[in-house]
Amino acid sequence: MFNSSNKLFDQIFELKFTSKQLNKQSQKCESEEKAEKGKAKKAMEKGNMEGAKIYAQNAIRKKSEALNYLQLASRLDAVVSRLDQQAKMASVSKSMAGIVKTLNVALKKRTFR
């Protein structure tokens with residue numbers, strides 16, 4: 001039981017780490033989106049409409065990527081929350097089982113401290 005709970009906590013840690021990486025990647029995409037918007041604006045000011053169109057498409061793509069990363073991170077956070085709750089409940093159940101055994105022994109001996 002101890003080994004499986006360790007594996008569960010390791011998996012929870014890995015999922016949390018992955019979620020943080022996805023959030024960082026989302027922020028990176030958002031900053032790249034802003035850069036592409038700036039490039040599009042500069043291209044429009046110079047009259048380069050074809051270049052501005054390409055930069056605008058890149059900005060839209062980066063925005064979609066950022067939202068997708070955020071969505072994945074949110075889903076992972078939900079899974080982590082469920083696994084964390086399950087691990088804590090397993091720990092409480094194990095503790096309660098030990099308490100019940102101790103109480104049974106105490107009741108048989110009729111010794112209370």
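Computed from a predicted model, the values in this text were never measured in an experiment.

## Quick notes on the overall build of the chain
Thinking step 1. Per the secondary structure count, the chain includes two helices and zero strands.
Thinking step 2. For the chain, the spread of C-alpha atoms along the three principal axes comes to 95 × 25 × 15 Å.
Thinking step 3. Counting all 113 residues of the chain, 19% fall into the buried class.
Thinking step 4. When the accessible surface of the chain is totalled, it reaches about 9000 Å², and 57% of it is carbon and sulfur.

## Comments concerning helix α2 (residues 49-109)
Residues separated by three or four positions in an α-helix point in the same direction, a consequence of the helix having 3.6 residues per turn.
Thinking step 1. Compared with an ideal rise of 1.5 Å per residue, which puts 61 residues at 90 Å, α2 spans 90 Å between its outermost C-alpha atoms and is within 8% of the ideal.
Thinking step 2. Where α2 is concerned, the buried positions are G51, A52, N58, A59, K62, A66, A73, L76, V80, L83, A87 and A106.
Thinking step 3. Positive phi shows up at R110, right after α2, with a value of about 60 degrees.

## A word on the side chain of E33
Thinking step 1. Structurally, E33 is set in helix α1 (residues 2-45).
Thinking step 2. Excluding anything up to four places from it in sequence, E33 contacts A59, K62 and K63.

## Looking at the pattern of salt bridges
Thinking step 1. Taken as a whole and assessed by the stated rule, the structure comprises five salt bridges.
Thinking step 2. The residue K62 makes a salt bridge to E32 at a minimum N-O spacing of 2.7 Å. Highlighted residues: K62 in helix α2 and E32 in helix α1, separated in sequence by 30 residues.
Thinking step 3. The closest approach of N and O atoms between E65 and K62, which form a salt bridge, is 3.8 Å. Here K62 and E65 lie together in helix α2, a separation of three residues that amounts to about one turn.
Thinking step 4. Classification of K62 by relative accessible area gives buried; the value is 18%.
Thinking step 5. Here the salt bridges do not stand alone but share partners, grouping E32, K62 and E65 into one network.

## Comments concerning the nonpolar core
Thinking step 1. The biggest cluster of nonpolar side chains holds five residues, and these are L8, I12, V80, L83 and A87.
Thinking step 2. Those elements that place two or more of their residues in this core are α1 and α2.
Thinking step 3. In terms of residues, this core owes the most to one element, α2, which gives three residues.
Thinking step 4. Ignoring sequence-local partners within four residues, the contact set of A87 consists of L8, F9 and I12.

## Details of the environment of R61
Thinking step 1. On the secondary structure map, R61 appears in helix α2.
Thinking step 2. Relative accessible area serves as the criterion here: at 44%, R61 is assigned to the partly exposed category.
Thinking step 3. Separated by 38 residues in the primary sequence, R61 and I99 have C-alpha atoms spaced 57 Å apart.
Thinking step 4. Of the polar contacts made by the side chain of R61, one reaches the side chain of N58; its length is 3.0 Å.

## Considerations on a nonpolar patch on the surface
Thinking step 1. Taken together, the side chains of V92, M96, I99 and L103 make up a nonpolar region of the molecular surface, amounting to roughly 350 Å² of accessible area.
Thinking step 2. What makes L103 partly exposed here is its relative accessible area of 45%.

Calculation notes
Residues numbered from 1 in each chain as written. Predicted model: local features only at pLDDT ≥ 70, side-chain atom pairs only at ≥ 80, totals over all residues. Heavy atoms only, no water. Helix = DSSP H or I, 4+ residues; strand = E, 2+ residues; numbered from the N terminus. Buried < 20%, exposed > 50% of the residue type's maximum accessible area, 1.4 Å probe, protein only. Areas by Shrake-Rupley, 256 points an atom, 1.4 Å probe, with all protein chains shown as cover. Expected span 1.5 Å × (residues − 1). Contact = heavy atoms within 4.5 Å. Salt bridge = Lys/Arg side-chain N within 4 Å of Asp/Glu carboxyl O. Core = buried A, V, L, I, M, F, W, Y, C linked by side-chain atoms within 4.5 Å. Polar contact = N/O pair within 3.5 Å; in protein donor to acceptor, adjacent residues only side chain to side chain. Patch = residues over 30% accessible without salt bridge, like charges linked within 9 Å, V, L, I, M, F, W, Y side chains within 5 Å.

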